[in-house]
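Descriptive analysis of the structure
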Amino acid sequence: MPATMTSRALLLVGVVLTAHKFLCTAYVGGDGFSVEFIHRDSVKSPYRDPSLTAPARVLEAARRSTSRAAALSRAYARADASSADGAVSELTSRPFEYMMAVNVGTPPTRMLAIADTGSDLIWLNCSNGAGAPAPAPPPGVQFNSANSTTFGLVSCGSGACRALPEASCADSKCRYLYSYGDGSQSTSGLLSTETFTFADDQGTRGDRAMRVANVSFGCSTTMIGSFIGDGLVGLGGGDLSLVNQLGADTSLGRRFSYCLVPYSINASSVLNFGPRAAVTEPGAATTPLIPSEVKTYYTVDLRSVKIGNKTFAAPQEYPVIVDSGSTLTYLANELVDPLVKELTQRVKLPPAKSPEELLPLCFDVSGVGEGQVAAMIPDVALELGSGGGATVTLKSENTFVVVHEGTLCLAVVALQFPPVSIIGNIAQQNMHVGYDLDKGTVTFAPADCARSSGSLYI
């Protein structure tokens, strides 16, 4: 095998499980399970900056989104360059938006990790007794495999090791190296197996847990540079992602969904697996997933953008990535320019200066009520699928955000990093978004996500 494992692309999307009580016996719910999905700026997040105002947090998220989109573009460029010889080298970006807590081993160790639909490999800050443990930044936790009765190592000849883009062998064990961004950050260790326990939500369904044995993950014992959290949980489309491993090891199938609570609401979002990930709300629109240069990413075909009776056609064969880890939505100039022009004509509010010229259109909403502003902004419809059969309607909360006190800006920007277009998480707020890898589809439905998550996570 090659001596080094190349960097993997990460679009960071993030996620958190609360500290539920775990049962000792195994339980797999027939209807699946749900876990808490916490934004990094939530009051429940240890990475929230209390000195920032709500608009300032949105602006920071927009800045992170730009860095993430750039990393995704580089990943696509590397995939294109590698396609001739069949190798795909993916670049990982550091910014993230959601986290989850994973419970690893027997007895379980609770670890706070980034959760990302743009990544596959699960890796955790780990000490396996071989060499110095990786330094864990506060409030970091290390997994000590010596304390677990269910820990195992993966051999070089295993399917999991072969699923890595590149790997090296050390005493017949599978070793990986992931480099981040410009290479100034990296993590490496041994590909391992362990039992993961997931607590289902409490309250209406009672206390119960799901236990999955032999989950393949990277046990990282060396880190260079600074890292946030205790590791990363990949939720992408590749073989090593948690979604695919749950589908292979349980009866849940390769299905998951989330319902993102708007930034302005002090409540957590929810992440569902198995049958519970079915999107059945009225107005649900389903579109096929299409092949992507990078298998990890969930990509759909965008046909056009509509405002009222105006339709703006997308470039031919126009793929867009559905990404919960990007804050902004990125589209081609051919779509953003007429969109900005049409909104400028329709929205009867005075213009405002864009902060750092980061966003293409801003309005002064000083003294105007939130409900009044929402009523003044028209819906924007995305037509998805080769036949245009799936229409996703974006309300004002999906297209505009307050980035300064009294300044409302469009959260859709012109594509800066061809050929990557992205439907970001602001566009997905108050939507139940479901991914079915078995059927090869993604479904969108309008939803009250704060109500869907219930009072469990408020």
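Computed from a predicted structure; not experimentally measured.

Turning next to the overall build of the chain. When you go through the chain residue by residue, the secondary structure sums to seven helices and 27 strands. Every one of the 458 residues in the chain was classed for burial, and the buried ones make up 59%. Residue pairs in contact within the chain that sit at least 24 positions apart in sequence constitute 71% of those at least 6 positions apart.

Tallied over the full model, the rule gives five disulfides. Bridging C126 to C219, the disulfide has an S-S length of 1.7 Å. Highlighted residues: C126 in strand β4 (residues 123–127) and C219 in strand β10 (residues 209–224), separated in sequence by 93 residues. On the accessibility criterion, C219 (0% relative accessible area) is buried. Across a sulfur-sulfur distance of 2.1 Å, C156 and C169 are joined as a disulfide pair.

According to UniProt, the "active site" (unreviewed entry) feature falls on D116 and D323. For this annotated set, covering 208 residues, all C-alpha atoms fall within 8.8 Å of each other, a compact arrangement in space. Along the chain, the position of D116 falls in strand β3 (residues 109–116). A relative accessible area of 0% places D116 in the buried class. A polar atom in the side chain of D116 sits 3.0 Å from the side chain of R68. With respect to the helices, strands and loops of the structure, D323 is situated in the loop between β17 (319–322) and β18 (329–331). With relative accessibility at 1%, the residue D323 sits in the buried group. Reaching out from D323, the side chain makes a polar contact with the side chain of R68 at a distance of 2.9 Å.

This paragraph deals with the sheet that holds strand β22 (residues 400–404). Sheet architecture is open: three strands sit in the order β19-β23-β22, paired in antiparallel fashion. Where the open sheet ends on each side, the last strands, each with one partner, are β19 (362–364) and β22. With direction set aside, neighbouring strand axes in the sheet form an average angle of 35 degrees. By the bridge criterion, four bridges tie β22 to strand β23 (residues 407–410) in an arrangement that is antiparallel. Within β23, the residue paired with V401 across the bridge is C409. Strands β19, β22 and β23 of the sheet are contacted by helix α4 (residues 333–346), whose axis makes an angle of about 145 degrees with β23.

The next point concerns the pattern of salt bridges. All chains considered together, the criterion is met by 15 salt bridges. E36 serves as the salt-bridge partner of K44, at 2.8 Å between the closest nitrogen and oxygen. The class of E36 is buried, set by a relative accessible area of 0%. Here K395 makes a salt bridge to D379, at a shortest N to O gap of 3.0 Å. Separated by 16 residues along the polypeptide, K395 in the loop between β21 (390–394) and α6 (396–399) and D379 in the loop between α5 (370–376) and β20 (380–384) bring together distant segments of the chain. With a relative accessible area of 34%, D379 lands in the partly exposed category. One connected set of salt bridges, linked through shared partners, spans D41, R64 and E97.

Attention now goes to the side chain of H39. Here H39 shows up in strand β1 (residues 33–39). According to the relative accessible area criterion, H39 is buried, its value standing at 11%. At 2.9 Å, the side chain of H39 and the side chain of E97 are in polar contact. In this structure H39 touches S45, R64, E97, Y98 and Y263, once residues within four positions along its chain are discounted.

Moving on: unusual backbone geometry. Between T106 and P107 the backbone carries a cis peptide bond, its omega angle lying at 0 degrees. With respect to the secondary-structure elements, P107 resides in the loop between β2 (98–104) and β3. Its identity is not glycine, yet N214 carries a phi of approximately 60 degrees, on the positive side. Assignment of secondary structure puts N214 in strand β10. A relative accessible area of 54% places N214 in the exposed class. Backbone geometry places E356, a non-glycine residue, at a positive phi of 60 degrees. Structurally, E356 can be placed in the loop between α4 and β19. Take E356: its relative accessible area is 52%, and that puts it in the exposed class.

What follows is about the nonpolar core. Judged by nonpolar contacts, the single largest core of 98 residues is most densely connected at F273 and L302. Among the elements that take part in this core, helix α1 (residues 54–82) stands out by supplying six residues, more than any other. Residue-level mapping places this core at the junction of two domains, with at least three residues from each of domain 1 (26–272) and domain 2 (279–453). Setting aside anything within four residues of it in sequence, one finds F273 in contact with D31, G32, F33, V35, L235, L242, V243, L246, R255 and F256. Core analysis: the second largest hydrophobic core is formed by 20 residues, Y47, V154, L232 and L240 among them.

The rules behind each value
Residues numbered from 1 in each chain as written. Predicted model: local features only at pLDDT ≥ 70, side-chain atom pairs only at ≥ 80, totals over all residues. Heavy atoms only, no water. Helix = DSSP H or I, 4+ residues; strand = E, 2+ residues; numbered from the N terminus. Buried < 20%, exposed > 50% of the residue type's maximum accessible area, 1.4 Å probe, protein only. Contact = heavy atoms within 4.5 Å. Disulfide = S-S within 2.5 Å. UniProt positions renumbered as here; feature names shortened; annotations may be inferred. Polar contact = N/O pair within 3.5 Å; in protein donor to acceptor, adjacent residues only side chain to side chain. Pairing = 2+ DSSP bridges. Axes fitted to C-alpha atoms, helices over the stretch in contact; angles between N-to-C directions. Salt bridge = Lys/Arg side-chain N within 4 Å of Asp/Glu carboxyl O. Core = buried A, V, L, I, M, F, W, Y, C linked by side-chain atoms within 4.5 Å. Domains from an automatic or database assignment.

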